[in-house]
Amino acid sequence: TAERFSFSLQGNLADNDKTSNPNSINRAPGSGSIVKTGVIDKSQSTYGVPVSFGIGARYSLNDRFALGTGINYSLLSRSFTGQYNEVDGAGMVTKSINTEIYNEIHYIGIPVNLYYDVIQSGNIDFYVYGGGSVEKGLANNYRIKCEPKSFWYKESVPGLQWSVAAGLGLEFNLYRQLSLYLDPSVRYYFDCNQPTSVRTSRPYMFNFDIGLRFDLGR
């Protein structure tokens, strides 16, 4: 039936390229009196599995097509051996540490997708979809391992991350207005001058969404 709304809660796991080539470029400067402070990669990165979750809404345009959007949070992580430097306003290095470094980047994004129902049979729906997403990095944090105590070095994330995706979906009605859905997809992340992550190392990624959908039109 057309003109139906549905709301969803979803989680996402993406594949990850376990290692990448080292990137020996200083990161963005820190704040305050210290300038040119940053991290230099000295080894390959080992990536954690990207994880995201969010909420969404879908509006049926007619018996086959629906438009969906929402808001998602994503966490990207990696670890590597690197060098952390602090440089004062006079250009003098005040601290230099070669150590193991853990990096995590936090993103919040808005996806927009167009859905097409291929098969609607009883309590099972099969559909295809495609669309894009725009994300803003909230923080780029580095945990610097050292003695006597590790500490965090934090940076802002410039610009926006744009991506496009296409996928398939299966929805299983569990009870009245409540359904379980599975959405495998392939996503491409554009080169948007973002910090090093599994996305910059491997822009084509396989994603697997799973979630609950509440259909207000059933």
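Rules used in this analysis
- Residues numbered from 1 in each chain as written.
- Predicted model: local features only at pLDDT ≥ 70, side-chain atom pairs only at ≥ 80, totals over all residues.
- Heavy atoms only, no water.
- Helix = DSSP H or I, 4+ residues; strand = E, 2+ residues; numbered from the N terminus.
- Buried < 20%, exposed > 50% of the residue type's maximum accessible area, 1.4 Å probe, protein only.
- Contact = heavy atoms within 4.5 Å.
- Areas by Shrake-Rupley, 256 points an atom, 1.4 Å probe, with all protein chains shown as cover.
- Salt bridge = Lys/Arg side-chain N within 4 Å of Asp/Glu carboxyl O.
- pLDDT = per-residue confidence, 0-100.
- Phe/Tyr/Trp six-rings, centres within 6.5 Å; stacked < 30°, edge-to-face > 60°.

*Asks:* Looking at this model, I keep getting lost on the overall build of the protein. Mind explaining?
*Replies:* A count of helical and extended segments in the protein gives one helix and eleven strands. Burial analysis of the protein (218 residues in total) assigns 41% to the buried set. Long-range pairs, those at least 24 residues apart, make up 70% of the contacts in the protein between residues at least 6 apart in sequence. On the protein, roughly 11,700 Å² of surface is accessible, and the fraction owed to carbon and sulfur atoms is 60%.

*Asks:* Quick question: what am I supposed to make of the pattern of salt bridges here?
*Replies:* In a structure, side chains of opposite charge can pair up when their charged atoms sit close to one another. With the rule as written, the count across this model stands at five salt bridges. Its salt-bridge partner being E171, residue R58 comes within 3.5 Å of it at the nearest N-O pair. Of the two residues, R58 is situated in strand β4 (residues 51-60) and E171 in strand β9 (residues 160-175); the sequence distance between them amounts to 113 residues. Judged by its relative accessible area of 12%, R58 falls in the buried class. We classify E171 as buried; its relative accessible area is 3%. Linking E171 and R213 is a salt bridge whose minimum nitrogen-to-oxygen distance equals 2.8 Å. Placement of E171 in strand β9 and of R213 in strand β11 (residues 204-215) is noted, with a sequence separation of 42 residues between them. Exposure class is identical for E171 and R213. Each is buried. One network of salt bridges, in which partners are shared, links R58, E171 and R213.

*Asks:* What am I meant to see in the confidence of the model for the protein here?
*Replies:* Reading predicted coordinates in detail is not appropriate for stretches of low pLDDT. Averaged over all residues, the pLDDT of the protein equals 87, while 87% of them reach at least 70. When the elements of the protein are averaged for pLDDT, strand β1 (residues 5-14) gives the smallest value, 73, and strand β7 (residues 124-144) the largest, 96. Every residue in residues 22-34 is under pLDDT 50, and counting partners more than four places away or in other chains gives 31 contacts.

*Asks:* Whenever I open this one, the packing of aromatic side chains confuses me. Can you help?
*Replies:* Geometry of an aromatic ring pair is reported as the spacing of the ring centres plus the angle between the planes. In the structure shown here, the tally under the stated rule is eleven aromatic pairs. Considering the side-chain rings of F53 and Y73, the 5.3 Å spacing of their centres and the 50° angle between planes classify their relative orientation as tilted. Of the two residues, F53 is situated in strand β4 and Y73 in strand β5 (residues 65-87); the sequence distance between them amounts to 20 residues. Y73 sits in the partly exposed class, given a relative accessible area of 25%.

*Asks:* Teacher, can you tell me more about unusual backbone geometry here?
*Replies:* Apart from glycine, the bulk of residues carry a negative phi angle, and the bulk of peptide bonds sit in the trans form. Looking along the chain, the bond that leaves E147 and enters P148 is cis, with omega of 5°. In this structure, P148 sits in the loop between β7 and β8 (151-155). Positive phi outside glycine occurs at R176, with the angle close to 50°. Along the chain, R176 turns up in the loop between β9 and β10 (178-189). A residue is classified by how much of its surface remains accessible, and R176, at 62% relative accessible area, is exposed. The residue N193 is not glycine, and still its phi comes out positive at about 60°. Position of N193 among the secondary structure elements: in the loop between β10 and α1 (198-201).

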